[in-house]
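Here is how the chains run, residue by residue.
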Amino acid sequence: MDAVARRAIRGEGTTEIEWSRWPGLARLPAIAPQELVPQSARAVVVAPHPDDEVLSVGGLLALLADRGRPVEVIAVTDGTASHRGSTEWPVERLARTRPRESRKALHCLGLAIEPARLGLPDGGLKGLRALLAAELVSLLRPGDVVFTTWRQDGHPDHEATGEACALAAASTGARLVEVPVWGWHWSRPGDRRMPWQRAFRLPLSEEAVRRKRMAVKAFTSQLRRDASTGSGPVLRATTVQRAARPFEVVFL
């Protein structure tokens, strides 16, 4: 079995109970928001799909909003491939709904901002890494801190976005911070495929956790069963439970 197959996203994945019982998470070195995003820096979150900005660093965004820190969100796709074959959620409806859900979620976090939308094809980023990197170079500034999905996250769009961000950050003098989203799904506690040596734990306040949970609920298209296909929610129960953690994990 090759490396990509070993990171396949199947079923419900590793439960949050399993993760919470692993002492390795508590042993990760803590990092504060001001260490991640210095006073003079802008936080730029590059999300492959609407909801990735919240699932990855929604708690951090709530903390930064409270501090009045500059935040930019870049939406790489509009998430129109989340319900393939659905008559309930055709592409046209998703193109309207998912950006609206993202705006509502950011409002829940305390951010009144409009994401920059690149409009690249959902599910097709693997072959567009160079184009995406070029787009990002035009949007980034030296000193930015770029938060994006981990380059080994398991979802092709997540991995391509992480790779493009790495190229763009190196070109512009920005700092790259990778965040696992689906990595928690296919890996296990202590899994050597996860770069624990680069992992830091960002503690969240109770209010930041509350706002992040509200923000996740804004993505109703991803939380409902699809009656037309019989498919369950795109965001599994395990994913939603992880979003309620009192911390976030980043790879530096």
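Scope of this entry: the structure provided in the associated data block. If you're wondering where the values come from, they're calculated on a predicted model, not measured in any experiment.

## Overview of empty space enclosed by the protein
To find leftover empty space, a probe the size of one water molecule is rolled over the atoms. This model, assessed by the stated rule, comprises three cavities of 30 Å³ or more. In this structure, the largest cavity spans a volume of roughly 170 Å³. Lining the largest cavity are 14 residues; nearest its centre among them are L55, P180, W184, K212 and R242. Taken together, the elements giving at least two residues each to the lining of the largest cavity come down to α5 (52–66), α12 (237–242) and β7 (247–251). When residues of the lining of the largest cavity are assigned to their parent elements, the largest contribution, three residues, is made by β7. Per-class residue counts for the lining of the largest cavity are eight nonpolar, two polar and four charged.

## Considerations on the pairing of strand β1 (residues 43–47)
Summarising burial for β1: five of the five residues are buried, a large majority. In β1, alternate side chains face the same way, and those of A43, V45 and A47 on one face and V44 and V46 on the other are all buried. Summarising the sheet, β1 and strand β2 (residues 71–75) pair through five bridges and their orientation is parallel. Bridge pairing in β2 links V44 to E72. Once you follow β1 into α5 and on to β2, the crossover reads as right-handed.

## Here's the deal with the packing of aromatic side chains
Within this structure, the stated rule accounts for seven aromatic pairs. Between W19 and W184, the aromatic rings sit 4.9 Å apart at their centres with planes inclined by 90°, giving edge-to-face as the arrangement. Here W19 is found in helix α2 (residues 16–20), whereas its partner W184 is found in helix α9 (residues 183–186), with 165 residues between them in sequence. Judged by relative accessible area, W19 falls into the buried class, the value being 0%. Connected via pairs of aromatic rings, a cluster forms that spans W19, W22, W184 and W196.

## Digging into unusual backbone geometry
Of note in this structure, D51 is not a glycine but carries a positive phi near 115°. When you line up the elements, D51 lands in the loop between β1 and α5. For D51, a relative accessible area of 5% puts it in the buried group.

## Re the pairing of strand β5 (residues 175–179)
Pairing geometry for strand β4 (residues 145–149) and β5, over five bridges, is parallel. Paired with T148 across the strands is E178, a residue of β5. With helix α8 (residues 156–172) bridging β4 and its parallel neighbour β5, the resulting β-α-β unit is right-handed.

## Thoughts on the side chain of D153
The topology assignment puts D153 in the loop between β4 and α8. For the buried D153, no salt bridge exists, and the shortest N-O distance to an oppositely charged side chain is 7.9 Å, to R7. For D153, the side chain forms a polar contact with the main-chain nitrogen of W182, separated by 3.0 Å.

## Focus: the layout of surface pockets
Counted as a void, the largest pocket has a volume near 490 Å³. Lining of the largest pocket is provided by 27 residues; of these, A81, S82, Q222, V234 and R236 occupy positions nearest its centre.

## A word on the packing of α5 against helix α10 (residues 206–217)
Contact geometry of α5 with α10 gives a least axis separation of 9 Å together with a crossing angle of 130°. Accordingly, the angle class assigned to the pair α5 and α10 is oblique. Relative to α10, α5 is oriented so that their crossing is right-handed. Listed contacts from α10 to V54, L55, S56, G58, G59, A62, L63 and D66 of α5 are A208, R211, K212, A215 and V216. Class assignment for the residues of the contact of α5 with α10 results in seven nonpolar, three polar and three charged.

Cut-off values and rules
- Residues numbered from 1 in each chain as written.
- Predicted model: local features only at pLDDT ≥ 70, side-chain atom pairs only at ≥ 80, totals over all residues.
- Heavy atoms only, no water.
- 1 Å grid on protein atoms, 1.4 Å probe; cavity = no way out; pocket = protein on both sides within 12 Å on 5 of 7 lines; lining within 4 Å.
- Points joined across faces, edges and corners; volume = space filled by probe spheres on them.
- Helix = DSSP H or I, 4+ residues; strand = E, 2+ residues; numbered from the N terminus.
- Nonpolar A, V, L, I, M, F, W, Y, C, P; charged D, E, K, R; others polar.
- Buried < 20%, exposed > 50% of the residue type's maximum accessible area, 1.4 Å probe, protein only.
- Pairing = 2+ DSSP bridges.
- Right-handed = clockwise from strand over helix to strand, strands pointing away.
- Phe/Tyr/Trp six-rings, centres within 6.5 Å; stacked < 30°, edge-to-face > 60°.
- Lys, Arg positive; Asp, Glu negative; His and termini not counted.
- Salt bridge = Lys/Arg side-chain N within 4 Å of Asp/Glu carboxyl O.
- Polar contact = N/O pair within 3.5 Å; in protein donor to acceptor, adjacent residues only side chain to side chain.
- Axes fitted to C-alpha atoms, helices over the stretch in contact; angles between N-to-C directions.
- Parallel < 35°, antiparallel > 145°, perpendicular 65-115°, else oblique.
- Left-handed = near helix turned anticlockwise from the far one by under 90°.
- Contact = heavy atoms within 4.5 Å.

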